[in-house]
Amino acid sequence: SQQGEEDPQALSIQEGENATMNCSYKTSINNLQWYRQNSGRGLVHLILIRSNEREKHSGRLRVTLDTSKKSSSLLITASRAADTASYFCATDPQGGSEKLVFGKGTKLTVNP
Amino acid sequence: DVKVTQSSRYLVKRTGEKVFLECVQDMDHENMFWYRQDPGLGLRLIYFSYDVKMKEKGDIPEGYSVSREKKERFSLILESASTNQTSMYLCASTGLETQYFGPGTRLLVL
């Protein structure tokens with residue numbers, strides 16, 4: 001029951017450019033989260049945005065949430081080669097039991 | 001610092017073997033999860049546990065079982081490993097709405 005769907009599936013940019021990834025989901029949510037996964041490793045939590053929030057910042061990360069469109073975007077500004085990773089959105093559906101539903105991820109490559 | 005550990009990073013097993021994947025968290029979290037991750041399919045929930053001895057099936061429980069005898073430990077069991085269970089297995093626990101993941105176990109079933 002995949003709910004989050006990231007777009008694009010893969011993104012390749014040059015160092016210093018901004019990277020934008022999008023996520024769409026289907027049902028009402030309590031919050032939406034973004035995670036990062038370096039190749040062959042576990043996921044690391046980046047940022048959480050609640051359903052009553054529209055935008056959130058953390059360092060070079062900016063997340064927006066549009067609950068009317070059931071979509072979110074993750075912007076990484078001034079990207080670095082070290083940002084190369086896969087990025088996943090995860091939704092916490094209303095009425096759920098702390099089970100997050102993950103999308104399939106966007107693979108970001110930042111070229112030096 | 002939050003820590004979730006998994007017993008093995010890499011594992012090679014034969015078809016039909018019983019396989020145990022162990023996960024330990026040191027954060028006193030109540031909820032723990034097992035996922036498998038396959039290319040193009042993302043993360044799929046196998047089982048989760050919301051308390052000691054409590055478990056609930058996820059999206060793909062077939063061929064797997066779990067055990068949670070202590071709060072800090074959540075084990076995934078492949079009763080009779082099959083080649084289609086070759087995958088990356090990720091364990092996680094939940095604290096303050098976010099999930100903390102272990103490093104993953106890459107399992108190859110021959």
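Everything below is about the structure printed above this text.
A. Just the packing of aromatic side chains, in detail. Residue and element names in this part refer to chain B. Evaluation of the coordinates by the stated rule reveals nine aromatic pairs over all chains. Aromatic side chains Phe48 and Tyr50 sit 6.2 Å apart centroid to centroid with 50° between the ring planes, which places their arrangement in the tilted category. The exposure class assigned to Phe48 is buried, which follows from its relative accessible area of 1%.

B. Spatial organisation of the layout of surface pockets. Volume-wise, the largest pocket comes out at about 680 Å³. Residue lining of the largest pocket: 27 residues in total, with A:Gln37, A:Ser86, A:Phe88, B:Gln37 and B:Pro39 positioned closest to the centre. Contributions of two or more residues to the lining of the largest pocket are made by strand E1 (5–7), strand E9 (85–93) and strand E11 (106–111) of chain A together with strand E4 (32–38), strand E9 (87–95) and strand E11 (105–109) of chain B. Its residues assigned to classes, the lining of the largest pocket comprises seven nonpolar, 14 polar and six charged.

C. Structural context of the interface of chain B and chain A. Taken together, the contact pairs 24 residues of chain B with 21 residues of chain A. Both faces combined, the contact of chain B with chain A buries some 1,700 Å², and carbon together with sulfur accounts for 47% of it. The interface formed by chain B and chain A holds one salt bridge in total. One salt bridge in this structure joins A:Arg50 and B:Glu97, with 2.7 Å as the shortest N-O distance. Those elements that provide at least two residues to the side of chain B that touches chain A are E4, strand E5 (42–51), E9 and strand E10 (98–101) of chain B. The greatest single-element share of the side of chain B that touches chain A, amounting to five residues, is contributed by E5(B). Taken together, the residues that form the side of chain B that touches chain A break down as ten nonpolar, eight polar and six charged.

How each quantity is defined
- Residues numbered from 1 in each chain as written.
- Chains lettered and ligands numbered in written order.
- Predicted model: local features only at pLDDT ≥ 70, side-chain atom pairs only at ≥ 80, totals over all residues.
- Heavy atoms only, no water.
- Phe/Tyr/Trp six-rings, centres within 6.5 Å; stacked < 30°, edge-to-face > 60°.
- Buried < 20%, exposed > 50% of the residue type's maximum accessible area, 1.4 Å probe, protein only.
- 1 Å grid on protein atoms, 1.4 Å probe; cavity = no way out; pocket = protein on both sides within 12 Å on 5 of 7 lines; lining within 4 Å.
- Points joined across faces, edges and corners; volume = space filled by probe spheres on them.
- Helix = DSSP H or I, 4+ residues; strand = E, 2+ residues; numbered from the N terminus.
- Nonpolar A, V, L, I, M, F, W, Y, C, P; charged D, E, K, R; others polar.
- Contact = heavy atoms within 4.5 Å.
- Buried area = accessible area lost by both parts, 1.4 Å probe.
- Salt bridge = Lys/Arg side-chain N within 4 Å of Asp/Glu carboxyl O.

Coordinates in, geometry out; function isn't part of it.
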